Protein chains: 2
Amino acid sequence: MDAPRSTTASTETDGAQIRRLIDGWAKSIRAKDIDGSVFGYAPDVLTFDLVNPLQNVGVDAVRRRLEDWFSSFDGPIDFENHDLKITAGDGIAFSHSLNHVRATTKQGQEIDMFWRATACFRKLGEHWTVTHTHASVPFDMESSQASLDLKP
Amino acid sequence: MDAPRSTTASTETDGAQIRRLIDGWAKSIRAKDIDGSVFGYAPDVLTFDLVNPLQNVGVDAVRRRLEDWFSSFDGPIDFENHDLKITAGDGIAFSHSLNHVRATTKQGQEIDMFWRATACFRKLGEHWTVTHTHASVPFDMESSQASLDLKP
């Protein structure tokens with residue numbers, strides 16, 4: 001693990017520690033690095049993901065999903081958190097952002113997609129840990145199709 | 001506002017205060033009561049809703065959405081929070097649940113649907129305030145259809 005990913009620096013504010021965690025995930029996603037993409041996840045994290053099923057429990061489910069997702073792309077993944085806002089208190093924190101991915105699938109389809117991301121954190125000892133994430137796109141009420149092409 | 005909805009009782013724990021807020025929303029949704037359904041919402045709440053657009057800012061957008069939603073049903077709305085978990089600390093809290101609605105639309109369609117709900121709170125003075133909500137269903141990767149019939 002890179003030294004800058006450590007969340008123990010006592011001189012850092014909680015908000016800055018969480019921002020570095022989230023920046024680290026983005027960097028790891030761009031590098032298709034699964035370990036880095038789940039750094040700080042609780043073993044029993046509850047995830048509401050973009051795609052079925054309704055919910056997943058455990059970091060292994062997140063890892064399997066990332067494996068599938070990373071392997072679906074040919075070439076680089078361009079990934080950024082937009083409008084990231086972090087609210088951190090004494091031992092509890094949450095963040096929300098609009099996540100933007102641009103990449104080309106192995107079938108040659110160009111993906112340029114935003115989704116909504118919420119992450120919820122607890123500080124266990126000196127480390128911020130993610131206990132819940134929620135990622136989604138809304139759907140179109142008329143067609144019931146997921147809205148994969150909305151821009152902020 | 002009903003007296004039991006007050007969140008100022010100093011003998012109540014933070015978790016209990018938030019649970020009462022969430023129980024109050026469920027009760028208000030069943031009663032198609034818009035004021036009660038947004039009780040405790042921050043004026044500038046950021047909502048990621050089930051349906052388009054990608055995001056909304058402000059409680060007025062939540063009210064308009066509830067008006068549309070309530071008026072789409074003929075007769076009662078049966079609504080419950082399942083698997084509600086609240087994590088509350090000193091001034092910051094979050095919750096997640098699977099929300100279940102059963103109702104009949106004015107077109108005669110029977111709705112029996114679960115969605116994922118995350119709510120994020122800040123305590124301002126003695127009152128817990130909702131500053132962010134995220135509600136969604138996942139989509140099916142093959143069809144890109146929103147999954148409106150998943151059960152936990």
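Once a new chain begins, its residue numbering starts again from 1 and follows that chain's sequence as written. Think of it this way: whatever chain is written first is A, whatever ligand is written first is 1, and the rest follow in order. A pLDDT threshold of at least 70 governs which residues receive local features in this predicted model, and a stricter bar of 80 or more applies before side-chain atom pairs are shown or counted, although totals over entire chains, interfaces and linings include all residues.

Peer 1: Explain the overall build of chain A here, please?
Peer 2: By definition, any uninterrupted DSSP run of H or I lasting at least four residues is a helix, any uninterrupted run of E lasting at least two residues is a strand, and each is numbered from the N terminus. In terms of regular secondary structure, chain A is built from three helices and six strands. Going from N to C terminus, chain A has its helices and strands arranged as α-α-β-β-α-β-β-β-β. Computed over its C-alpha atoms, the radius of gyration of chain A comes to 16 Å, within 12% of the 15 Å expected for a compact globule of 152 residues. Overall, the C-alpha framework of chain A stretches about 50 × 35 × 30 Å when taken along its three principal axes. Out of the 152 residues in chain A, the part that is buried amounts to 32%. A pair of residues counts as a contact when their C-beta atoms, built from backbone coordinates, are separated by no more than 7 Å. Restricting to contacts in chain A with at least 6 residues of sequence separation, those with at least 24 account for 51%. As defined in this context, the radius of gyration uses C-alpha atoms, and a globule is described by 2.2 Å times the residue total to the power 0.38. Neighbour density around each residue's C-beta defines its exposure: 20 or more other C-beta atoms within 10 Å make it buried, 12 or fewer make it exposed, and counts between make it partly exposed, where C-beta atoms are placed from the backbone.

Peer 1: Sorry if this is basic, but what is going on with unusual backbone geometry here?
Peer 2: Most of the time, phi is negative for any residue but glycine, and the peptide bond is trans. All names here are of chain A. Of note, the amide linkage connecting Asn-52 to Pro-53 takes the cis form, showing an omega dihedral of 5°. Along the chain, Pro-53 falls in the loop between strand 1 (41-48) and strand 2 (56-57). Positive phi, close to 60°, is recorded for Ser-144, a residue that is not glycine. Position of Ser-144 relative to the elements: it lies in the segment after strand 6 (127-136).

Peer 1: Teacher, can you tell me more about the interface of chain B and chain A here?
Peer 2: Interface extent is often summarised as the accessible area lost during association of the parts. Chain B puts 37 residues into the contact, and the matching count from chain A is 37 residues. Those elements that place two or more of their residues in the side of chain B that touches chain A are strand 1 (41-48), strand 4 (92-104), strand 5 (110-124) and strand 6 (127-136) of chain B. Gly counts as polar in this scheme, as do all residues outside two lists: the nonpolar Ala, Val, Leu, Ile, Met, Phe, Trp, Tyr, Cys and Pro, and the charged Asp, Glu, Lys and Arg. For the side of chain B that touches chain A, the class distribution of residues is 19 nonpolar, 13 polar and five charged.

Peer 1: Explain the relation of the copies chain B and chain A here, please?
Peer 2: Taken together, a rotation about one axis and a shift along it account for how the two chain copies relate. Superposing copies: least-squares fit, C-alpha atoms only, residues required to have pLDDT of at least 70 in both. Each copy superposes on the other: chain B lies on chain A with an RMSD of 0.0 Å after a rotation of 180° and an axial shift of 0.0 Å. Taken together, the rotation and translation relating the two chain copies correspond to the operation of a two-fold axis. In terms of proximity to the rotation axis, the leading residue of chain B is Gln-145 of chain B, whose C-alpha is 2.2 Å off the axis. Take the interface residues of chain B: 100% of them recur as interface residues in chain A, which is what a same-surface contact looks like.

Peer 1: Even after reading the chapter, I still don't get the sheet that holds strand 5 of chain B, so can you show me in this structure?
Peer 2: Strand pairs in the sheet, formed through backbone hydrogen bonds, run parallel or antiparallel to each other. All names here are of chain B. Strand pairing follows a simple DSSP-based rule, namely that at least 2 bridges must link the two strands. Here we have six strands laid out as an open sheet, ordered 2-1-6-5-4-3, and mixed in their pairing. Each of the sheet's edge strands pairs with one partner strand only, and the pair in question is strand 2 (56-57) and strand 3 (78-88). Sheet topology places strand 3 next to strand 4; nine bridges connect them, and they run antiparallel. Counterpart to Asp-78 in the pairing with strand 4 is Arg-102. Across the face of the sheet, helix 1 (residues 14-30) comes into contact with strand 3, strand 4, strand 5 and strand 6 while running at roughly 165° to strand 3. Axis definition: a line fitted to C-alpha atoms, over the contacting stretch in the case of helices. Angles run 0 to 180 degrees between N-to-C directions. The strands touched by helix 3 (residues 59-71) are strand 1 and strand 2; relative to strand 1, the strand with the most contacts, the crossing angle is about 65°.

Peer 1: Got a minute to help me understand the confidence of the model for chain A in this structure?
Peer 2: Low pLDDT means the predicted atomic positions in that stretch should not be read closely. pLDDT expresses, on a scale from 0 to 100, how confident the predictor is about each individual residue. Chain-level pLDDT for chain A is 93 on average; 93% of the residues reach the 70-or-more range. A low-confidence stretch, residues 1-10 of chain A (pLDDT under 50), is modelled with 11 contacts involving residues beyond four sequence positions or located in other chains.

Peer 1: It is not clear to me how the sheet that holds strand 1 of chain A should be interpreted in this structure. Could you clarify?
Peer 2: Residues and elements named next belong to chain A. The strand order across the open sheet formed by six strands is 2-1-6-5-4-3, and the pairing between neighbours is mixed. The open sheet has two edge strands with one neighbour each: strand 2 and strand 3 (78-88). Sheet strands touched by helix 3 (residues 59-71): strand 1 and strand 2. Its angle to strand 1, the strand with the most contacts, is close to 65°.

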